[in-house]
Amino acid sequence: ALLVRDSVQAYRFEEARMISIKRAYEPASPDDGRRIFVDRLWPRGVRKHELIFDDWCKDAAPSPALRTWYGHREERFKEFSQRYRQELNAEPGHWMPILGFAQDGPITLIFAARNPNTSHARVLADFLEDALDKQQDSISPVCYATQFPQ
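Since we're looking at a predicted model, the values are computed, not measured.

Participant: Summarise the nonpolar core; cite the residues concerned and give the values.
Facilitator: Core analysis: the largest hydrophobic core is formed by 27 residues, its most contacted members being I19, I98, L109, L124 and L128. Mapped onto this core, the elements with two or more residues apiece are α1 (64-70), α2 (77-90), α3 (92-104), β6 (107-111) and α4 (120-139). Here L109 is in contact with I19, S20, I21, K22, I36, V38, I98, A121, L124, A125 and L128, once residues within four sequence places are set aside. Core analysis: the second largest hydrophobic core is formed by 5 residues, F37, V46, L51 and I110 among them.

As structure tokens, this is what we get:
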């Protein structure tokens, strides 16, 4: 946990967490933490024994229909992101296990797409960070610092 000074000069503890993304073709690193493969399909050209991961969460990937529609066309990324977030919101059971892993320590989402910035893993990582922030907000104690004169 990190001690953070916020704008009202009060101190609060903030959990240090990290959700990273990494292509399946990149080597594993000890800094990856728990490695979670988040594609429905096995990456091309990678042998089963070559890809190192702790969990395979196929259901957290976009639906086949959405993946096919998107086709990794950058001009569709914004719409894809919105549709994918809708799918995630509709099926929390598909991503809640990953959220639990992220609460325990650093995780890396493993995927095969060429462009990390327009991959479903980027959207999923952002979605999970948002979910972690919402959980943190709901369990944070009330701060009365602003009610006392300085």
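From this point on, the discussion continues.
Participant: So what about the pairing of strand β4 (residues 34-37)? Which residues, and what values?
Facilitator: As defined by bridge partners, β4 adjoins β6 across 4 bridges and the pair is classed as parallel. If you follow R35 over to β6, its bridge partner there is T108. Where β4 lies against strand β5 (residues 55-56), 2 bridges are found, and the strand directions are parallel. Its bridge partner lying in β5, I36 is registered against D55.

Definitions and cut-offs
Residues numbered from 1 in each chain as written. Predicted model: local features only at pLDDT ≥ 70, side-chain atom pairs only at ≥ 80, totals over all residues. Heavy atoms only, no water. Core = buried A, V, L, I, M, F, W, Y, C linked by side-chain atoms within 4.5 Å. Buried < 20%, exposed > 50% of the residue type's maximum accessible area, 1.4 Å probe, protein only. Helix = DSSP H or I, 4+ residues; strand = E, 2+ residues; numbered from the N terminus. Contact = heavy atoms within 4.5 Å. Pairing = 2+ DSSP bridges.

These results come straight from atomic positions and should not be treated as a statement about function.
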